[in-house]
Every structure is written in structure tokens, then in C-alpha cells.
Number of protein chains: 2
Amino acid sequence: MKTKQNIILLFALVAIVLTVFSCKKENTDDTNNKNETTTTNQEHPKLILTAQGVKDIRAQLGSIPIFDNTLQAVKEEIDAEIASGIEVPIPEDYSGGYTHVRHKRNWVVLQKAGVLYQILDDEKYAKYVKDMLMQYEELYKTLPLHPKTRSYARGKLFWQCLNDSNWLVYVSQAYDCIYDYLSEEERNKLETNLFRPFADHISVDSPQFYQRVHNHSTWGNAAVGMIGLVMDDQELIDRALYGIKDLKLDTKEKDDDGGFLNKDGKAGFLANIEEPFSPDGYYNEGPYYQRYAMYPFLVFAEGLHNVKPELKIFEYKEGVLLKSINALLNLSDADGDFFPLNDGQKGMSYYNDALVTAVDVSYHFGTQEPGLLSIATKQNKVLLDDSGLAVALGIKNGKAKPFDKKSINLSDGPKGTQGGVGILRHEDIELVFKYAAQGSSHGHYDKLSYSLYENGEEVIQDYGLARFVNIEQKGGGNYLKENKTWAKQTIAHNTVTQNETSHFNGKYDIGSQHHSVLNYFSSENENIQVVSAKETNAYPETQMLRTMAIIKDEDFEKPYMLDIMKVTSANTNTYDFPFYYFGQVLQTNFEYTTPQTLKPLGNKNGYQHLYLEGSGKASNENSKFSWFNKNKFYTLTTVTNTNDDLLFTRLGANDPDFNLRRDPALILRTNGVKNRTFVSVLEPHGSYSPVSESAKNSNSSIKEIQVVLDTEAYTAITITNVNDTVKLIITANSNASKEANHTLKINDKNYEWSGSYYFK
Amino acid sequence: MKTKQNIILLFALVAIVLTVFSCKKENTDDTNNKNETTTTNQEHPKLILTAQGVKDIRAQLGSIPIFDNTLQAVKEEIDAEIASGIEVPIPEDYSGGYTHVRHKRNWVVLQKAGVLYQILDDEKYAKYVKDMLMQYEELYKTLPLHPKTRSYARGKLFWQCLNDSNWLVYVSQAYDCIYDYLSEEERNKLETNLFRPFADHISVDSPQFYQRVHNHSTWGNAAVGMIGLVMDDQELIDRALYGIKDLKLDTKEKDDDGGFLNKDGKAGFLANIEEPFSPDGYYNEGPYYQRYAMYPFLVFAEGLHNVKPELKIFEYKEGVLLKSINALLNLSDADGDFFPLNDGQKGMSYYNDALVTAVDVSYHFGTQEPGLLSIATKQNKVLLDDSGLAVALGIKNGKAKPFDKKSINLSDGPKGTQGGVGILRHEDIELVFKYAAQGSSHGHYDKLSYSLYENGEEVIQDYGLARFVNIEQKGGGNYLKENKTWAKQTIAHNTVTQNETSHFNGKYDIGSQHHSVLNYFSSENENIQVVSAKETNAYPETQMLRTMAIIKDEDFEKPYMLDIMKVTSANTNTYDFPFYYFGQVLQTNFEYTTPQTLKPLGNKNGYQHLYLEGSGKASNENSKFSWFNKNKFYTLTTVTNTNDDLLFTRLGANDPDFNLRRDPALILRTNGVKNRTFVSVLEPHGSYSPVSESAKNSNSSIKEIQVVLDTEAYTAITITNVNDTVKLIITANSNASKEANHTLKINDKNYEWSGSYYFK
């Protein structure tokens, strides 16, 4: 090991020359000190696969179907790659371009080939990995910065450091797998010319990328740490865990997405666990980006667990990494698709490979939750490592049970004090209510917004993002300008927009200082589940308190949604309250007209993208709107007065590149009032068969909804069924704890109860 | 039998009194004469179930899974109905209303309960049928015409005779099943007060409904005939087979849909087989209405086969009834959904109960085609009769094979000489090309139109109809006015519209006099399948010759569509040539602008419903347009010149009730020319996974298409792949038989071939 230590010293010296930061000596010393106190596993593989794991896997091969099948598929894939030869092209392209796709493919292939070498004990795989790594070594040492200049942190193999980090996270696993197959000379060559400079480029040479709390940095940290674990390089490991030592960045600089580069100076893998995850495991950017970040979190954690067990990484922050997997799985609909909170591309689901990692790791390193096995069965593949073996054995031994998604309230913020996301579930109905913090640079201006699902289909949608990820014809597959002009704006969401301006004026600096506050969450009674939260900063001098319930009542076919949005303001405002439904208008109880030409509804803040397709005045105390989508019926009943406008809109105005979907909405608009309580019931009901052409239960079951009391302290609503049964719900607008006692007189009748709400 | 004969005589007398037609005596005599010469099966049941069939079924029960399961489901359904009691309300409503739905339900329940009585030999079912029939007898004799007045032929139980006929088709089966359970007195009561007057109301009292060649009349004929078979009433049977004797209607009167009531005086079940079916079994109204008409055709034929085998009904017109089932199954996409030719609601499929009948009857009375068993397996139910038993035994004995849909050319017209429908299939691609006659009153003005499918998904759609069948909120579930103003118009279809007017000026009288003419159909070579047809009447002095091919070329990932539409005219015209794609615009090679406000493209003939969303001038010899739908990519490459306009449109203008879908199109518009040959290639290519976020083969493989020759006799096109391979296709615009020999010089090179086209 003498030679190796010398090399590490040499590296440290090179690092000092290459970087402008002082205190390198101290840093190196510190590293050495830490090194002395830890026991390090020196047998390879050790990172993800372990020597013992390989023995166990080999012993079980042929008798663990899901593992065997995954292995067979990977073998066929890699054999085909080996047959078609190695390609390591000179980097040229953005995402989607040839060289990008090839290098991306190579990292996958290298990782898998390394695993095959270990499990199948066939040298052809090791040789293939070695040959390709040597070509990378040849190439890398010649590379300048990537020629494409759009990134705030350019890589060398790829146009952005992020992708370089992806590469190293995978390739460090491949290197670990063939470590012992290589001669010391070969290892030295690779480490000196490829891995160490590679790790330096994405860290010390790119601090604006590396030294942050951000999903990009998590990849960077994991990449540096994993190659550090394989190379047994404590300095790299420490750089991964704690960030670049003694480096402070300008806290006011912003990245491409408008996020602060490093607002509070925190950095490193542990800070990246600490900051974005709430104690419940909610990731502040939302499930789409959690899914993306999950892989480096878990795979580096797995490596740390294996190589540095004394760190007890899976117990860090009260086991938040494993909790986060549970949170993420619960942030998916009935089909396993993640709710598109903040920037999130629809269709991303727990079938993504990162979730195979998450499910297997959670099962193996957690409490062997049998529900995870049913998801693994649906995923129909496992990791080819110790955790995948555990899952395969669990399935084989018949331990799988359904993963039962329940209603759940997930706090946001590092300490769980910055609002959250509440999910109410009953039968096929799922309500996702967002009262979280801004959600980092991928956050939307959508305080107290919600979306509604029936059996995995969107009933009231959240638009998601304006981007076609990796489809190069659409802006290179990157965020489209409509993501800012539409998708992030408040009017794109199912919440209140005041005076046609977005929450926080659409300003990230302001939005990221605030969060909504939970009033109460109650899911104990399955038949009436309620979540209630307050927002006081989105519009100064205006308060919004939204209480949403999923109610199962025997007089209704399916559970329905009750929505009480209480807006109070010091000023006179216009409030717009949209319902982003899908499908065909069936019926309204109000008159409306449709214009001959379609004009945009406004000229900024998202309104410039909406065409006005029809408008009417509400004429009753209840306005009703029924629609039909995917062979199901839906009816909205909402309390209105004759000053209210009802606007039918359709997305697509000022969209010169057809980047937006032509989605419809009904917007309830109230003009010139200070206070307004929007009260609505949304009933999913009935069904239609185009084969038998029969329509079942195609009409609303609601005769009337009424606000019978609305004070600062309480709001009370009656819901009258067409069969004249009446239900009363009273919600506490404050002092809403489970233990609180309430007495209240409504229409000369006294009500007494304890808890957050009254329902009878 | 004495009493019965007396009753028949009595009926005949009543009929004479009730009807105004002469020659009744002769008619009755004639009937009696025929009666003497036929051998009549007198054992009940005999109509659909047979006495022998019942014995066979009972012997197999418990060992024929699909039959046993169907029986169990029906038993549960009917037991629940029996438990909830009989309801025979006084008729009041249109379709979708309570009394309509209840009477409709009753006919189903009666038929099923009758069958259960026979198969399970449990008298509770017979008693239930008897009790309900007696309530109908009580009610019917009191009934005036149905109070709702919208129909051209009002029923008594229902607002239209059509539904009364539906009722009798089913209920005659129930009556047959319990015939021997009833006393003679009970039978007399039912026949005198219910069945006979019921049969008369829908026939002699409603000749405008009954005495036609039309799907409505087919139901009427079958109803009268089936009750006639059960009652052994030859006069009714003859009335069913040959129509009301000696009755001639005004040949110029029209029905609600604009169809002629009785243009040529033909009527009766045999005429209804003769006229609408071509020798290939294509039904002139298209598959949606064939599906609807199929049940009475087949169930009455089954009855005739069982009771009057000497008629050899299944051999009538060279076995056209069974051929028509094969045609209908071939008129469905990969999912079994029928192509929406003419008026057709999307989603109707071979899972419809009428197709259960069709498949079982076709198997039993045809040649026991094993492919039918695989469709029966998908349908997961069988008829509870002799034919269902045959299918159940076939499946049980492992005889099922996939139903292999191939390319097929179906002639239209009673003699197969009025154009047709060509379907080209290769791998996942299906092209449906319509060059048929008008298609009766449900026809659309869409000469030489097509639609394109990939694996059951619409790539280039036919709009279908503007109607929400049985959804009462949408115009009572009936045809909407937009069916005429949009869905039937030429611009709603993928064909040429000249000067913004529809084919035949949208006039049924003119359209129904003409049909397109096949040039050639060639599917022998799986890799290049071609259909070509000519239309000379849609626009006077303008000819359209369209040649469409599905080509599988090794240089392309998937089969592509080649479309050559050659328009020649004596006059200068504007031609509009739309592509009704679905999904998101990805890329164009032409510049376009999008307007700030959306205006309708025109003011009539369907144009008033299209918004112009964008427009550009073609700038190259080829205009390219790529789009993205359901995670697949598509590219259109079409030959253009710089005078061409490219219009992005979206449906929905002048649609005050939101009756139309907001579907997009790209319209290629050529202004001020006499002749124009539209040449286009449509490539389906690639795929996208929202889970792995990877796009495969997202770009067109076409570098250029060129028209290298275009004369009256030939059109020749070259297609150049991005890899620079070039294919030449020459199509014969006339003299295109398989045997024809051709020599042709293109760019100084000689081509010699025999057959309809050249391709290399």
C-alpha cells in the first residue's frame, strides 16, 4: 500500500496546484486523521456487490426466478453490446445527440458487465470492462471542457457535470467489480489518469455544481464518494460526505433554473440528506426529482453501509433515507405514477430503475416489509446484488403482500416544520393536497393547490412541467420557456389566483422564504378524511385557508371531494378559482355563450396562454357542471352568486411552437370582493360502456350545498342529497387540534364536539 | 289445434279490419297454401334453443367452462332480478329515461329467464317469465301510441317502433322457452292481446318503419318473424320474410336521418339481406350499424334454420350472412374496435353481445373456424344455446387458434359492383381505405377517405359520429346537430375537399346515386400492399384517383404509408387535403406563424367548426411535419411547392354546447390550380418511455420523396432514405390489372413490368 499512499499524496499536491483554494494541507491532514480511526473493508467487490453477497448469489442461482430472469436479460443485453464492440467517441453533443447517448449507454453497460463478471465468474466481462475503461483513460486525459457551453457547470464527457457524475456513480461500481482482475499497474493508470481527475473535475474544479444542497450535487457527492470507497481514498470520501473543505461560495448566485447556488453554505452528501428531506422522508423538490436523486442517495448509502458500516448511514437522521422510500412510494397513484408536484414529467413511475434500487434497498436494509415485494414483482426485476437477492428470496418464499397505500401526511422542511403534502385516499379516489414550502428551484407557485385521481386517472389535473425530457426536437429535451410562463404560474394550478398575479409575484426569492401551515390532518375515520392548511404570504394582506375532505357517504355511489377555500383580504380583489378537468362538457345549470373568435384571457402570469372558449354568469346559489371523461361521469357543484363569472378556458394561446397541451378548465371568477369562501363538491359518479352503450348513474346525487355559517373560527356546510338526506360538516378554522372542544350555535341549534371537525 | 286455427282466422279478420290494405283474403289464402307445403317443427323450444340442444347442454353442464361461467353469471343476474320484483311501468320516456330503461332491461331479463328455465329445468324462471308477460298483456292492451312524438314511427312500449321491435325479438325467445309451461288458455291470452297486436303495430300499422330496406326494418322483420315462428303463424312468417304484401310506399319520402323511406319498394327480411350486403358480406352502412343489425339477422336466421330448415337461410345469397360475420370481424382494429366508417361511435367492438351471437352462430352454422374460438375466449361468454355449446366444446377441446386478420378488399353494393372498402395490414399498421357507395342514410361524404392505425391506436383518425349514444345529457343521446354540420362533411375526413364544399354538395340524393370505382387491390406481396380507386362524381368535372400503399422496407423501422392522390379538373380550384393526426407537434421543416386570436377557417360545410391555429407557406419540395402521440413518433413528408399553404387547425369553433372534440389537423391547401397530385409518406417510427425517459428513433428516415413522372396513365415516385437508398414506385392509373403489361421510360431509363404497379 506504500505506492498507493504516495499516489494519494501526489494527487493532493496536484489538487493544490489545480485549485485556488487554500488550506489543502490541513484538509489532507484531517483526512489522514480520520482514516486512522476507521476500519476499512479491503476485499473487492465491496461497494454494492460484496464478496459474501457474490457467494450467496452464486449459491442460489437457478432457484430464484425474478433474479434469474433479471440476470438473463442483463446477460443478453451485455452480450449483444460486447458483440457490437466498444465505442468511446470524442464528446460533442447535448442530451439526445449521438456522443451523449453513447457515453450514457456506456456507463450502464460498464456497470452491468462488472456485475456479470462477479456473478457469472466469466472473464470476458472483466476484460470488456477493462478494455473500455482503458479507452476512457486514453480519451479523458486529452479532454478539454465539453464543447457545448449552455451549462452552468460543464463536464468533460458530457455537456454538464451532472452527467459526468452519473457516469462515475455507475462506473465506480464497474471498477470495484474488476478491481482484483486488474494488475496494480493497470489500477494505477486508471486511477491516476481517469478516476481521480474525473472526481476532481466534478468537485473541486466545479464547486458551483458540487458545493450545494441540490439533486445535482447529490450525484456529484455520490460519484466522488463511491470512487473514493473503491480506491480506499479517505480524502475523496470526506469530500463526498462533507463537501469541499473550507470552501464558501457566493450565497446570492443563481443557477440556470433560478435556484440559489448555495444560500447557506451547506454542502456534501450528509447535508444533502439533512436539508431536502423532511423527517417524514418528503423530498422538498417533489417525487419526480426525488426519484432522480434517489439512486445516488441509495447506492452511495449502500456503499457506505458496506465499506464504512461504522457510519450507520441508514440510521442517519432517524433513518430518513429508508423513510423517504416509503414516502416516495406513497406519492404515486394507483398505477404507480408519481404525482407531478412541482416540475414533474407525467408517466414517471415506480417502474423506473431508480425505484427498483429503492424498493430492493428498502427491503434489504429496512424491515423486510412484505408490501415491497409486491411492487418488486410488478417491476419484474431486481438489483443484481445482495439486496436484489433478498427480494428474490422473499418473493420466492411467498412473502409478498399488496403494498397498501393509505392516506398520509408528509411534512416538508429539514425539521418537518415547513408545511407539507397531504394525501387522502378512499376506494379509488386519491386527493393530493400541497401546502409545502417552495420546493427549491423546481417549485411551482401553487400554494394550497390540489389534484384529484380516480383509480390512477387524473380527474382534476396538475399540469406538470412544460418539457419533453430527452426529446431533442422540443428544445433539446430541456425545460421549455412555457415552463416559466405557464407551468410554474399560479393560474396553471387548482388554487386561487388573486388579480391575475401569481403567488409571491412569481418570485423565487420571496417564495422560498415561506411555506404554508397545517391547520389539521385527520384520516382516522376512513369515511371522512380531512386536510386543512393556511397560507398567509402568497399575497400580502390576503389569507387563504383551504379545507379539503374525501367523504364516503352511503347516499353516494363513490367517495366525493368537499373543498372549502376561505379567502379573506384587507383589499378588494378579483379571485380566479380553476378546475382543470379533462374530457367533454356534458351539462351545466347556468347559461353561457361561446365567442366567435378565441382571445387570450389575459396578457401575463400564465393568463396569456389561456383562450376563453365560453363564459356565463352564475344564476343560482349552486352552479353545477357535469363532464364525461374516459367513460366516467363527474359533477362539480359549487356555491356561487349572480356576480360570479364562469369561464371555460382552453390552454394554447401564445404558444408559437405548440409546446402546450390543449387542456380545458372551468374557472370560477369573483370580482371586486375582499372575502370569499369557495365551497365545492366534486362527485365522481357512474360509468359508460361504449360496447353496451349503456350509461349508469350519469347524474349528480346532490340537490344543494349551502354555507350555513362562515366565521373566522368556523365554516359550516350542509350537503343535501337528491333523496333529501342532509349532512352537516363544521370545520374549525383555528384551534383545530384533536383534543379541542367546541360549542357552536347554528340556526338556533347547538352543536358540541371535540376534535378538528364535526360531521353528521 | 282447432282452437288455435280459429284464433288465427280471427286474427286475420282483425287484421283486415285494422288495416286499409286490400287483398287480405288472398294473402291469408296464400299463407295457408304455403303452410300446407312445409314441415313445421312443433316441439318447443324450437326457435333458438332446441329441444335436442337442451338435452345436449344438460348432458355437458359442469364440464364446459366458458358455458358454465356464462350460465352462472346469467343465473346470478336473473336471480337478483327475480328477488327485486317485476316492474312494468306505463311508458313515458325517451331513451335513457326511467321507463325506457326498465322496459329495455325487461326484454333482456325475460329472454335470459326463459333460457334458464330450459337449461336448469327450474320452474321459478318459467313462472317469472309468465308473470311478467301477463303484466305486459295487461298493460299493452291499454296502450295508445307512446306519448313522446319525436319518432317517424312511434312505438307503444317505447318512443320508437325500433325499440318495440327489439323487445319482441327477445321476448319471442322467452315465450318459446315457456311455451309448453303455459296452458293453452294462457297462450291464447298472450297471443291475442299482446303478441299479435304487438307484431301488427310494428308492421302493418307502421309501414314507414317496417316496409323498407334499413336496419330498423330488419329488427321489425325479425320481431314479426320470430313471434310468427313461435306461434306457428305462417302469415306473420311470410310478412317477415317478404314484407307487407302488396303494400307500396311513397318512394320519395324521407326518414328522420334524411334517408329515403322506400326508394325502390323492396321490403322484408330477405330483401334486407339482399340489398345491404355485398357478396363479400360488407354491410352498406358500415360496421357500426352492421353490428347493430347483426343480432336480428342472425337470431332470426337461427330460428328459421331451426324451424324452417327447408329455407336454407344460411345458404341464402351464397351464404352471405356467415360471410358478413367474417367481414365484420375484419373491420375491427387490433383491439377488436370497429373502424368508425360512416356514422359509428368509437369504442364499439367485437366485445358487444351482438358479436357474441355472431361469433357463436358463425362457428356453429359455418365451418367451425378455429380462429373464432379465440375471439370467443376473449369475449369470455357464449350464447346459452346450441351454438354456444358448440363453441364451449371447441374451446374445451383445445381447438382455438388466433384469429388472423389479413389485408382484405370488401366490395360494396348488392352485387358487389359499387366500390368497396380496402384494408391493408402489415405488422402493427392498418390502413382502412373507403371507396364505397354512400352508405345509406348513415353515410358520410368522404369519397376516397382513409384512416390509419398502429396497434389499435388511431394515427390518422376518422372523426366518427357527433353523438353520445344513450347519454341523455347530450341531446337525449341522439344524433347531435354537429353530426350533419361537421361529422358528415368532407372536410371532417382525410380526403380532398374542393372549394370548401363537400362531395355531392353534401346532398344525399346525389351521393346515393354514385360510388367510387376500384382501380386495383394488391396484397399478394406482404411487403408492398396497394389499393387504388377512382372517384369521378363527387365534384363534377373533377376526377380523383387515390393510390395508397403500406410498404415494409428494410431501411425503415416500421411499415410506412405511401399516399398518391391525383386530382384532375376542368376548372381552377382550391383543394384542401387534411391529416387528422393526434398528439403534440414536434417539428416542421417549414416556417409558420400562430395568430393571436383564433378564427373559424370558413363559414359552412364543416369549415365553420375549425379554428385556424397556425399557418405557413411550404418552402421546400418536401414539407415535413413530425408529431408525438402516446409515446410514439410520426413523420409526414409530403410533396409541396411554395404556393401551398400549411394550416394547423383545431376543431371546436361554432360549437355552443361543446359537442365536438378539440382534435387537431394539418391541412395542406393548394390554391388556384386545376390539377394536383398530392404525394405523401407517413412514417410511424420510434418510441418514448416516460419511465426511462429515453427516446428511440425519433427522427424521420426519409431524405426526400419526388414525383418523377405523373401522366394520365402512370404516376412514379421515388423515396430516398436518409442512408441514400432509393426506391421507385410506379402505379398504373388505368389498365391496372394483374395481367397488364407496361413499358415506360422515365429519365431515359426503360421500365418494363406486368401487373398493377412497379416497385424496386
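What you are looking at is a predicted structure, and each value in this text was computed from that prediction instead of being measured.

Draft legend 1. Examining the relation of the copies chain A and chain B more closely. In the superposition of chain A on chain B (RMSD 0.1 Å, axial shift 0.0 Å), the rotation amounts to 180°. What the superposition gives is, in effect, a two-fold axis relating one chain to the other. When C-alpha positions in chain A are compared against the rotation axis, the closest is assigned to Leu 598 of chain A, at 2.4 Å. Both copies contact each other with a shared surface, as 98% of the interface residues of chain A are interface residues in chain B too.

Draft legend 2. View of the sheet that holds strand β8 (residues 528-535) of chain B. Residues and elements named next belong to chain B. Across the sheet, which stays open at both edges, the eight strands sit in the order β7-β8-β9-β10-β18-β15-β14-β12 with antiparallel pairing between neighbours. Lying at the two open borders of the sheet, with one neighbouring strand each, are β7 (517-522) and β12 (584-588). Ignoring strand direction, the axes of neighbouring strands in this sheet form an average angle of 15°. Pairing analysis gives 10 bridges linking strand β9 (residues 542-551) to strand β10 (residues 560-569), with the strands arranged antiparallel. Residue pairing in the sheet places Ile 550 in a bridge with Met 561 of β10.

Draft legend 3. Quick peek at the pairing of strand β14 (residues 622-629) of chain A. All names here are of chain A. By the criterion of burial, β14 is predominantly enclosed, with eight of the eight residues buried. The alternating pattern of β14 places Asn 622, Lys 624, Ser 626 and Phe 628 and Ser 623, Phe 625, Trp 627 and Asn 629 on opposite faces, both of which are buried. Direction of pairing for strand β12 (residues 584-588) relative to β14: antiparallel, over a ladder of four bridges. Counted as the bridge partner of Gln 584 is Phe 628 from β14. Where β14 lies against strand β15 (residues 632-639), eight bridges are found, and the strand directions are antiparallel. Opposite Asn 622, over in β15, you have Val 639 as the bridge partner. Between the end of β14 and the start of β15, which pair antiparallel, lie two residues, with Lys 630 showing a positive phi angle near 45°.

Draft legend 4. Seen up close, the interface of chain A and chain B. Counting residues at the interface gives 51 residues for chain A, matched by 50 residues for chain B. Between chain A and chain B, a total of about 4,200 Å² is buried, with carbon and sulfur atoms accounting for 51% of that surface. Looking at the side of chain A facing chain B, the largest losses of area belong to Gln 473, Phe 658 and Glu 693 of chain A, adding up to 18% of the total buried there. For the pair chain A and chain B, the number of links is two salt bridges. The salt bridge partner of Arg 662 of chain B is Glu 613 of chain A, with a shortest N-O separation of 3.1 Å. Applying the counting criterion to the chain A and chain B interface returns 27 residue pairs in polar contact (both at pLDDT 80 or more). Elements that contribute at least two residues to the side of chain A that touches chain B include exactly α13 (287-307), β12, β13 (610-617) and β16 (645-651) of chain A. Looking at the side of chain A that touches chain B, the element that brings in the most residues is β12 of chain A, giving four residues. For the side of chain A that touches chain B, a count of residues per class yields 23 nonpolar, 16 polar and 12 charged.

Conventions and cut-offs
Residues numbered from 1 in each chain as written. Chains lettered and ligands numbered in written order. Predicted model: local features only at pLDDT ≥ 70, side-chain atom pairs only at ≥ 80, totals over all residues. Heavy atoms only, no water. Least-squares fit on C-alpha atoms with pLDDT ≥ 70 in both. Contact = heavy atoms within 4.5 Å. Pairing = 2+ DSSP bridges. Helix = DSSP H or I, 4+ residues; strand = E, 2+ residues; numbered from the N terminus. Axes fitted to C-alpha atoms, helices over the stretch in contact; angles between N-to-C directions. Buried < 20%, exposed > 50% of the residue type's maximum accessible area, 1.4 Å probe, protein only. Buried area = accessible area lost by both parts, 1.4 Å probe. Salt bridge = Lys/Arg side-chain N within 4 Å of Asp/Glu carboxyl O. Polar contact = N/O pair within 3.5 Å; in protein donor to acceptor, adjacent residues only side chain to side chain. Nonpolar A, V, L, I, M, F, W, Y, C, P; charged D, E, K, R; others polar.

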